[in-house]
Structures are given as structure tokens and as C-alpha cells.
Amino acid sequence: LLVKLDATLRQSCLVVIDDFTELISLETGLPPHALIQFIIDLGKRPSTMGRLLLVTDRRLSLTEDLDLKTIRLGPPAEGDAIRLLGKMLEIRGREIEVPEARRLDVVRWLGCNPRALEALVACLEADSLDDLISAERENWDLKNELFSPTLIKELERRFRARTLSRLSPAGPRHHPGADRP
């Protein structure tokens, strides 16, 4: 994989590795050594036509040791998040699942986080909004005061588990990390 990535980055392109946090070891807090070395070597090249964008939801200690540019992005404004939620619902044909009158509360509940909105819309294929809210009632009640990152992880875990259980007619399969919070 790193050989292909290296070849790709020798061309004019942008490679995005989303959810880079998934590559981080819980024990060391770092990605695999081969990937670290690849990034170090990439930074030492006199010229690289391609660009590598690592998207993560936390600051990595790795950035302190390397000359990496870090860009911190916040969530979109509430109005933009409402429009994004509406578009996601429309694409999946689920507009009625989240009535317009509740969309502001929903985006506040999810901290205007696009990834959380996407996970919610995916979960709506099997659960109603009210079922999802009742499973996270405490977070829903605090939607105007506090955003819970664990809510996103729970929605994503539910979606992964349900999706993986549908992959085989023989029933659910275990996938490493599918039940990880």
C-alpha cells in the first residue's frame, strides 16, 4: 500500500486519508512505524508533486516531531449544518425521518459535526429518530449546552454493526473494531 501511495504522490494529486485516528495504536498513540517512516521520508523529498492530507479528530504527538502543517477545523455553522443534514436526508430518501422543525435540535445534539450527521442518517435506515434519541436521552436533553463525542462513536458503532451483520446471508460476522466504542 505504501509503495502505491508513494507512486501516487509523485504525481500532481491530493491523497486524503480520512479517519486517520483509526491507524493509531491504543498502546503507543502512534500509527504503524512503517507509516511514520513513510511520512518522514516524504517530508525530506526535495520536491513532491502530490499532497497528503491526514484527517483526524485529535491532535497527534507525531506532528510535533515532523514538519507537518496542522489545520484545525471547527464544525460548520448551524444553518450550514441544517442544510447539510437536509441534503444527506434527501440523497437517501429520508427527508420525513427528521422533520424540518426538529433539524436545529438534531444538529445541536450532534454538535453540527458532519460525520455525526452522516452516521445519524445512516442509522435512520433501521431506527427512528425517536429511538435514537431515547437511546441517548441524556445527551439529547443537553443538546443546547454540551456536545458529546461519544454519541458520534455510538452512532457509528451501531451503523457498522448493523451493516456488517447484513454482509452475509449466513448472519453476523465479527469485524475487528465493529463493536469498539
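Look a little higher up for the structure.
To start, this report covers the structure provided alongside it. (Residues numbered from 1 in each chain as written. Predicted model: local features only at pLDDT ≥ 70, side-chain atom pairs only at ≥ 80, totals over all residues. Heavy atoms only, no water.)

A count of helical and extended segments in the protein gives nine helices and two strands. N-terminal to C-terminal, the α/β element order of the protein is α-β-α-β-α-α-α-α-α-α-α. Among the 181 residues that make up the protein, the fraction classed as buried is 34%. Residue pairs at least 24 apart in sequence account for 66% of intrachain contacts in the protein once pairs closer than 6 positions are excluded. A total of about 11800 Å² of accessible surface is found on the protein, and carbon and sulfur atoms cover 54% of it. (Helix = DSSP H or I, 4+ residues; strand = E, 2+ residues; numbered from the N terminus. Buried < 20%, exposed > 50% of the residue type's maximum accessible area, 1.4 Å probe, protein only. Contact = heavy atoms within 4.5 Å. Areas by Shrake-Rupley, 256 points an atom, 1.4 Å probe, with all protein chains shown as cover.)

Our next topic: helix α2 (residues 33–44). Along its twelve residues, α2 runs 17 Å from first to last C-alpha, staying within 8% of the 16 Å computed at 1.5 Å per residue. Every buried residue of α2 is accounted for by Leu35, Ile36, Phe38, Ile39 and Leu42. Relative to the axis of α2, the buried residues are bounded by an arc of 160° and lie together on one face. Opposite the buried face of α2, at more than 90 degrees from it, the exposed residues are His33 and Lys44. (Expected span 1.5 Å × (residues − 1). Arc of directions from axis to C-beta.)

This paragraph deals with the pairing of strand β2 (residues 51–54). Looking at chain direction, strand β1 (residues 14–17) and β2 are connected through four bridges and run parallel. Bridge pairing in β2 places Val16 opposite Leu53. As a crossover connection, the stretch from β1 through α2 into β2 is right-handed. (Pairing = 2+ DSSP bridges. Right-handed = clockwise from strand over helix to strand, strands pointing away.)

By secondary structure assignment, the location of Arg45 is in the loop between α2 and β2. By relative accessible area, which is 19% here, Arg45 ends up buried. Setting aside residues up to four positions removed in sequence, Arg45 forms contacts with Asp6, Leu9 and Arg10.

So, about a nonpolar patch on the surface. Together, Leu14, Val16, Leu53 and Val55 make up a nonpolar patch on the protein surface, roughly 320 Å² of accessible area in all. Relative to the helices and strands, Val55 is located in the loop between β2 and α3 (62–65). (Patch = residues over 30% accessible without salt bridge, like charges linked within 9 Å, V, L, I, M, F, W, Y side chains within 5 Å. Salt bridge = Lys/Arg side-chain N within 4 Å of Asp/Glu carboxyl O.)

With a phi close to 55°, Asp19 is a non-glycine residue in the positive phi region. Mapped onto the elements, Asp19 comes out in the loop between β1 and α2. On the basis of relative accessible area, Asp19 is assigned to the partly exposed category, the value being 29%. At Cys112, a residue that is not glycine, the phi angle is positive and equals roughly 60°. Relative to the assigned elements, Cys112 resides in the loop between α5 (100–109) and α6 (114–123). Using a relative accessible area of 8% as the deciding quantity, one classes Cys112 as buried.

This part is about the pattern of salt bridges. A full pass over the atoms with the stated rule returns nine salt bridges. For Arg45, the salt bridge goes to Asp6, with nearest N and O atoms at 1.6 Å. With Arg45 in the loop between α2 and β2 and Asp6 in helix α1 (residues 2–9), this residue pair connects regions lying 39 residues apart in the sequence. The shortest N-O distance in the salt bridge between Arg92 and Glu125 comes to 2.4 Å.

Let us look at the nonpolar core. Among the nonpolar cores identified, the biggest contains 23 residues, and Leu85, Val106, Trp109, Leu110, Leu120 and Leu129 are the most heavily contacted of them. For this core, the secondary structure elements donating two or more residues are α4 (78–91), α5, α6, α7 (129–135) and α9 (149–165). In terms of residues, this core owes the most to one element, α6, which gives six residues. Every residue in contact with Leu85, bar those within four places of it in the chain, is listed here: Val98, Arg103, Val106, Val107, Leu117, Leu120 and Val121. Among the nonpolar cores identified, the runner-up in size contains eleven residues, and Leu5, Leu9, Ile24 and Leu60 belong to it. (Core = buried A, V, L, I, M, F, W, Y, C linked by side-chain atoms within 4.5 Å.)

Everything listed here is a matter of geometry and, on its own, says nothing about what the molecule does.
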